[in-house]
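# Breakdown of the fold
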Amino acid sequence: MSVVTHVPETHELDGDDVRQALTRAEYLALFRDAFIRFRYADGFSYARSMAFQLVLTIIPGIALAVAVAARLGEGRFQSALRSIIESLAAGPAGDVLLRVFEQGNDVAALNRTAVIVTAAIVTLVSAATSMAQFQRGASRIYGVMSDRPTVRRYAHATVLALSVGILLTIAFVALVLGGGLYDFFGESTSWLRWGRWVVGLIILPVAIAALYRAAPNRRQPAVAWLTSGSTVGVVLWFLVSWLLALYLNASTTFGQTYGPLAGVIGFMMWAQLSSIALLYGLAVAAELEADRAGVDEPTRPDPTNGEATDG
């Protein structure tokens, strides 16, 4: 058994240090060592926990948005949301989200503010819990075994959910679901066709870099240093999302294998792969910082058993 090596705090690093480190880096070795660091920091386990909470955030979040739109009488917004959901995931996964859309209308039909407030609280609690799982995984990737005190950790996670989480949602809608926005703004809005890509491609890596800086229980370097890892996370997220969409749309056995649960399984697969991409991007940033600090290996033998490292 092995444990990840601790990454010394080098929070004084700036943009010039980033350029020097990237110039000297051996990228194949960097990505390999980052994977080893991710693996031995239990990155897959934290990604699973984060993905589970992410699903529990998105589903009530969609129902909440639909219910609020229905209560406000925003028919165009409801139509845009439905178009967005249909473009998000065709096939079984899309069917699940469309059922959630109808449930949002049912919530609005109850005409009870308390139900909508409860849905908002459930969404926020799930989002904060997802951020808390990311915090723990991020700390382990840097070799930090101590967590923030419980109250402070979840308060910090709530702030992240209400700040970085909202920015990530905006970027996701702009990049992936922007076509559905035409129903709300109108197809004649020409700026939307290219503006959403500009907005999304600026917000997404910056928001992820901000998450990378705020999540670990340590002093992080400047956002410019972490942008290298966030860029890897963004590229990997696009790649796995695209490949999963191709698989779900092309597979003739996926729906037969999972039956009525196919949509739920497909949605959870996307959340799992997305969480892995985000945590692996952070592992790249951590390994780049470790190399800069002179840490040669991503793992070391566990002192409790003295076995040699696999890394």
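Quick caveat: nothing in here was measured; it's all calculated off a predicted structure. (Residues numbered from 1 in each chain as written. Predicted model: local features only at pLDDT ≥ 70, side-chain atom pairs only at ≥ 80, totals over all residues. Heavy atoms only, no water.)

## Observations concerning the pattern of salt bridges
Operational definition: What makes a salt bridge here is a side-chain nitrogen of Lys or Arg within 4 Å of a carboxyl oxygen of Asp or Glu, nothing more. Each helix is a run of DSSP H or I of at least 4 residues and each strand a run of E of at least 2, with the numbering of both proceeding from the N terminus. Accessible area is worked out with a 1.4 Å probe on protein chains only. A residue is then buried under 20% of its type maximum, exposed over 50%, and partly exposed in between.
Summed over all chains, the structure comprises six salt bridges. Residue Asp 147 pairs with Arg 136 through a salt bridge whose shortest N-O separation is 3.2 Å. Taken together, the residues span a long stretch of sequence, with Asp 147 in the loop between α6 (113-141) and α7 (150-162) and Arg 136 in helix α6 at a distance of eleven residues. The exposure class of Arg 136 is partly exposed, given its relative accessible area of 28%. A salt bridge links Arg 140 to Asp 147, with the shortest nitrogen-to-oxygen separation between them at 3.0 Å. Looking at Arg 140, the relative accessible area reads 9%, which means it is buried. Among the ionic contacts, a cluster of salt bridges with common partners joins Arg 136, Arg 140 and Asp 147.

## Considerations on the side chain of Gln 53
What counts here: Residue contacts follow a heavy-atom distance rule, with two residues in contact if any of their heavy atoms lie within 4.5 Å.
Of note, Gln 53 is situated in helix α3 (residues 43-72). Its relative accessible area of 15% is what places Gln 53 among the buried residues. Those residues in contact with Gln 53, other than ones at most four positions away along the chain, are Ser 126, Thr 129 and Ser 130.

## A few points about helix α2 (residues 27-40)
Note the following rule: Here the expected span of a helix is defined as 1.5 Å times the quantity of residues minus one.
With 14 residues, α2 extends 20 Å between its outermost C-alpha atoms, agreeing within 8% with the 20 Å of an ideal straight helix rising 1.5 Å per residue. Looking at α2, one finds that the buried residues are Leu 30, Asp 33, Ala 34, Ile 36, Arg 37, Phe 38 and Tyr 40.

## Some remarks on the environment of Leu 279
With respect to the helices and strands, Leu 279 occurs in helix α13 (residues 262-292). Residues Leu 279 and Phe 38 lie 241 residues apart in sequence; the distance between their C-alpha atoms is 7.4 Å. Leaving out residues up to four positions away in the same chain, Leu 279 has contacts with Phe 38, Gly 43, Tyr 46, Ala 47, Phe 134, Gly 137, Ala 138 and Ile 141.

## Section: α7
Where we set the bar: This arc is built from the directions going out from the helix axis to the C-beta atoms.
With 13 residues, α7 extends 18 Å between its outermost C-alpha atoms, agreeing within 8% with the 18 Å of an ideal straight helix rising 1.5 Å per residue. Arg 153, Ala 157, Leu 160 and Ala 161 are the residues of α7 that are buried. Looking down the long axis of α7, one finds its buried residues gathered within 100° of arc, a one-sided arrangement. Structural note: α7 exposes Val 151, Arg 152 and Val 159 on the side pointing more than 90 degrees away from its buried face.

## Regarding the nonpolar core
To keep things clear, this is the line we draw: Among buried residues, the Ala, Val, Leu, Ile, Met, Phe, Trp, Tyr and Cys ones that are joined through side-chain atoms within 4.5 Å form a nonpolar core.
The biggest cluster of nonpolar side chains holds 63 residues, and the ones touching the most others in it are Phe 134, Ile 141, Tyr 142 and Leu 204. Here the element with the most residues in this core is α13; it accounts for 15 residues. Not counting the four nearest positions on each side in its chain, Leu 204 is found in contact with Leu 168, Ala 171, Leu 175, Val 234, Trp 237 and Phe 238.

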